[in-house]
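Survey of secondary and tertiary structure
Residue-level listing of the chains:
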Amino acid sequence: MLKWVLTLFVALTVLTAASPWLARRFGLGRLPGDVTVRVRGRDYYLPFTTTILLSLALTLLARLL
């Protein structure tokens, strides 16, 4: 159980750090269902659709390997 929590934390950290690059390079983050909320001058990014799309791509890649 602890291994999965640690893996999830690391994956979310990497995706959060890579999200500006992914948005510029591939247009991810502008999909319908991705939400950007501005609160007191700060932007909070909630990539619901992008997360599902990346999860499906990684699942397909894992099944092929």
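Summarised in this report is the structure supplied together with it. (Residues numbered from 1 in each chain as written. Predicted model: local features only at pLDDT ≥ 70, side-chain atom pairs only at ≥ 80, totals over all residues. Heavy atoms only, no water.)

Attention now goes to the pattern of salt bridges. Evaluation of the coordinates by the stated rule reveals one salt bridge. Among the ionic pairs, Arg38 bridges to Asp43, the shortest N-O distance being 2.8 Å. In this structure Arg38 comes out as exposed when scored by relative accessible area, which is 59%. (Salt bridge = Lys/Arg side-chain N within 4 Å of Asp/Glu carboxyl O. Buried < 20%, exposed > 50% of the residue type's maximum accessible area, 1.4 Å probe, protein only.)

To continue, consider the pairing of strand S1 (residues 34-39). Here S1 pairs with strand S2 (residues 42-47) via six bridges, running antiparallel. By the bridge assignment for S2, Val37 is matched with Tyr44. Turn length for the S1-S2 hairpin, with the two strands adjacent in sequence and antiparallel, is two residues, and the turn residue Arg40 shows positive phi of about 50 degrees. (Pairing = 2+ DSSP bridges. Helix = DSSP H or I, 4+ residues; strand = E, 2+ residues; numbered from the N terminus.)

Before going further, it helps to spend a moment on the layout of surface pockets. Considering only enclosed or pocket space, the largest pocket measures out at about 260 Å³ in volume. Taken together, 13 residues line the largest pocket, and the ones lying closest to its centre are Leu15, Thr16, Ser19, Tyr45 and Pro47. Of all the secondary-structure elements, those providing two or more residues to the lining of the largest pocket are helix H1 (2-26), S2 and helix H2 (48-64). Sorting elements by how many residues they give to the lining of the largest pocket places H1 first, with six residues. The calculated volume of the second largest pocket comes to roughly 200 Å³. Around the second largest pocket, the lining residues are Leu8, Ala11, Leu12, Leu15, Thr51, Leu54, Ser55 and Leu58. Elements represented by at least two residues in the lining of the second largest pocket include exactly H1 and H2. (1 Å grid on protein atoms, 1.4 Å probe; cavity = no way out; pocket = protein on both sides within 12 Å on 5 of 7 lines; lining within 4 Å. Points joined across faces, edges and corners; volume = space filled by probe spheres on them.)

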